[in-house]
Amino acid sequence: MTTTILKRYLLAPGPTQVPAEVQLAMAAPIIHHRTPQFSELFGKTAAGARAMFATEQPVMMLACTGTGGMEAAVTNTLSHGDHVLVVKGGKFGERWEEIALRYGLRVTALDVEWGKAVDPAQVAAILEQADDLKAVLVQGSETSTTVLHPVTELAALTRDRDCLLIVDGITSVGVVDMPMDASGIDVLVTGSQKAMMLPPGLALVALSEKAWRANESADLPRYYFDLARERDALAKDTSAYTPAVSLVTGLAAVFELVEATGGWPQVYRRHDILARATRAGVLAMGLELLAPDAPSPAATGVLLPETVDGGALTRYLRDTMGVTVAGGQGRLKGRIVRLAHIGYADTFDVVVALSALEMGLAGLGHEVEFGRGTAAAQKLLMEMYA
Ligand SMILES: *Cc1c(COP(=O)(O)O)cnc(C)c1O
């Protein structure tokens, strides 16, 4: 197939762009994993992961995508027939429910309107009524609806109960300041291909002391995803099975890059500014936000007018203009686009995304006043340099 597109832009909420210096680090010849060199790298990277999670606990690195980390979170802390509460406000909330049901847990699903954050008062009321709840499962950021859930408020509810807070942090770890220990999160999961600026294939999981206690009696079946085995291996700077050597090498380079550019506070600040600028641009274009009340700093969901076919728009942007943004998932298919500003995204990626949205709509024959979105965003983006 021939194409006239010379340069492509990846502006979807995963996989995200990988910095050139990280790609180069991963291109180094593979080293054997049972060697002092790799152990040094593995230990150093695990320390970096603990800093990213803001936890004293070990952060296990598994060779799988984020969903594998979610599965490990469930199977390592819960037992057959346990009652759990799933916050279900999007596609990834649904995934928590599917995993829990597959493992024979009793699920109470709290349906949250797509585009809204969960109300902690509702969770509090359910916890009061059902004192047998062993876990609350939630997304830090529900990527399908671009919503940020109030994880710290939820942790305040589970902290003093015999109930774990299990958080899918796949688009919130390394995006927003969500310190695991200080917040009281019991299980935190993330994956490599979102904020961590890496290719897919690595999941990171950490358990609180409370979750490790639950692990001692958790009887769900697990073999590869045995986190106690990984914890014991990690204490010796190694992993139970062959680690994803190249991705671990890449992660070490990512942590160096973060350190060299202002550390995690700067990362959170950048995501906040990019997200606010994107939202300002979308509103200035006369479009509506999918999640105006509790927007995620990872990606911005844009509600499209009835006259715009979201599928056609994302295809046009990708195939004609070389710009990949995400469409809607599940019930939002065709109705939204999601502009990501997560991971290796900076000021001018926002300008590209908004400009592409304007040009894409124009290209499909919709009336657009060029420059309205980018102008509004540019004003805000100047904060980056203040
Ligand atoms: C991307 C994503 C996942 C799924 O991760 P995979 O790496 O595709 O398994 C799960 N949860 C959230 C919130 C995500 O954004």
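Novice: Can you walk me through the domain arrangement of the protein in this structure?
Specialist: How large an interface is tends to be reported as the accessible area lost when its parts come together. Partitioning the protein into domains gives domain 1 (9–16 + 262–385) and domain 2 (31–260). On a C-alpha basis, the centroid separation for the pair domain 1 and domain 2 is 27 Å. Contacts between domain 1 and domain 2 engage 30 residues on the former and 30 residues on the latter. Taken together, the two surfaces of domain 1 and domain 2 that pack against each other cover about 2500 Å², and 64% of this comes from carbon and sulfur. Among the residues domain 1 hides against domain 2, the three largest losses belong to Trp264, Tyr268 and Gln329. Together they make up 26% of the total. Linking domain 1 with domain 2 are 0 salt bridges, by the criterion used here. For the pair domain 1 and domain 2, the number of links is 9 residue pairs in polar contact (both at pLDDT 80 or more). When contributions to the side of domain 1 that touches domain 2 are tallied by element, the ones reaching two or more residues are helix H11 (263–284), strand S12 (299–303) and strand S15 (336–340).

Novice: Explanation requested: the sheet that holds strand S11 (residues 288–289) in the structure shown.
Specialist: Think of a sheet as strands paired side by side through backbone hydrogen bonds, with each pair either parallel or antiparallel. Spatial strand order, S11-S12-S15-S14: 4 strands in an open sheet with antiparallel pairing. Because the sheet does not close on itself, it has two edges, and the strands there are S11 and strand S14 (326–327). Bridge count for S11 against S12 is 2 bridges, and the pairing is antiparallel. In the strand pairing of S12, Glu288 is matched with Leu303. H11 contacts S11, S12 and S15 of the sheet and is inclined by roughly 15° relative to S12.

Novice: I would appreciate a short explanation of the pairing of strand S9 (residues 187–191) in the present structure.
Specialist: The two faces of the sheet receive side chains in turn, since in a regular strand these alternate between them. Of all 5 residues in S9, 5 are buried, a share of seventy percent or more. Side chains of S9 alternate between two faces, with Val187, Val189 and Gly191 and Leu188 and Thr190 buried alike. Pairing geometry for strand S8 (residues 164–168) and S9, over 3 bridges, is parallel. If you follow Val167 over to S9, its bridge partner there is Leu188. Across 5 bridges, the pairing between S9 and strand S10 (residues 203–207) is antiparallel. Residue pairing for S10: Val187 is matched across the bridge by Leu207.

Novice: What am I meant to see in the site of the ligand here?
Specialist: Around the ligand lies a shell of 14 residues, among which Thr65, Thr67, Thr143, Asp168 and Lys194 are the nearest. Between the ligand and the protein, one listed contact pairs an oxygen atom with a side-chain N or O atom of Thr67 at 2.5 Å. Contact distances for the ligand include 2.7 Å between an oxygen atom and a side-chain N or O atom of Lys194. Contact with the protein chains covers 89% of the free accessible surface of the ligand, which is 380 Å². Every element with two or more residues in the shell around the ligand is listed here: helix H3 (66–75) and helix H4 (91–102). Among the elements that take part in the shell around the ligand, H3 stands out by supplying 3 residues, more than any other. Class assignment of the residues belonging to the shell around the ligand gives a composition of 3 nonpolar, 8 polar and 3 charged.

Novice: Can you walk me through the sheet that holds strand S5 (residues 133–139) in this structure?
Specialist: Reading across from one edge, S2-S10-S9-S8-S5-S3-S4 is the order of the 7 strands in this open sheet, with mixed pairing throughout. The strands lining the two open edges of the sheet, one partner per strand, are strand S2 (59–62) and strand S4 (106–111). Adjacent strand axes in the sheet meet at a mean angle of 20° when their direction is disregarded. Alignment of S5 against S8, held across 5 bridges, turns out to be parallel. By the bridge assignment for S8, Ala135 is matched with Leu164. Together, strand S3 (83–88), S4, S5 and S8 form the strand contacts of H4, whose direction differs from that of S3 by roughly 160°. Against the sheet, helix H8 (residues 209–217) contacts S2, S8, S9 and S10, and its axis sits at roughly 90° relative to S10.

Calculation rules
Residues numbered from 1 in each chain as written. Predicted model: local features only at pLDDT ≥ 70, side-chain atom pairs only at ≥ 80, totals over all residues. Heavy atoms only, no water. Domains from an automatic or database assignment. Contact = heavy atoms within 4.5 Å. Buried area = accessible area lost by both parts, 1.4 Å probe. Salt bridge = Lys/Arg side-chain N within 4 Å of Asp/Glu carboxyl O. Polar contact = N/O pair within 3.5 Å; in protein donor to acceptor, adjacent residues only side chain to side chain. Helix = DSSP H or I, 4+ residues; strand = E, 2+ residues; numbered from the N terminus. Pairing = 2+ DSSP bridges. Axes fitted to C-alpha atoms, helices over the stretch in contact; angles between N-to-C directions. Buried < 20%, exposed > 50% of the residue type's maximum accessible area, 1.4 Å probe, protein only. Near = heavy atom within 4 Å. Areas by Shrake-Rupley, 256 points an atom, 1.4 Å probe, with all protein chains shown as cover. Nonpolar A, V, L, I, M, F, W, Y, C, P; charged D, E, K, R; others polar.

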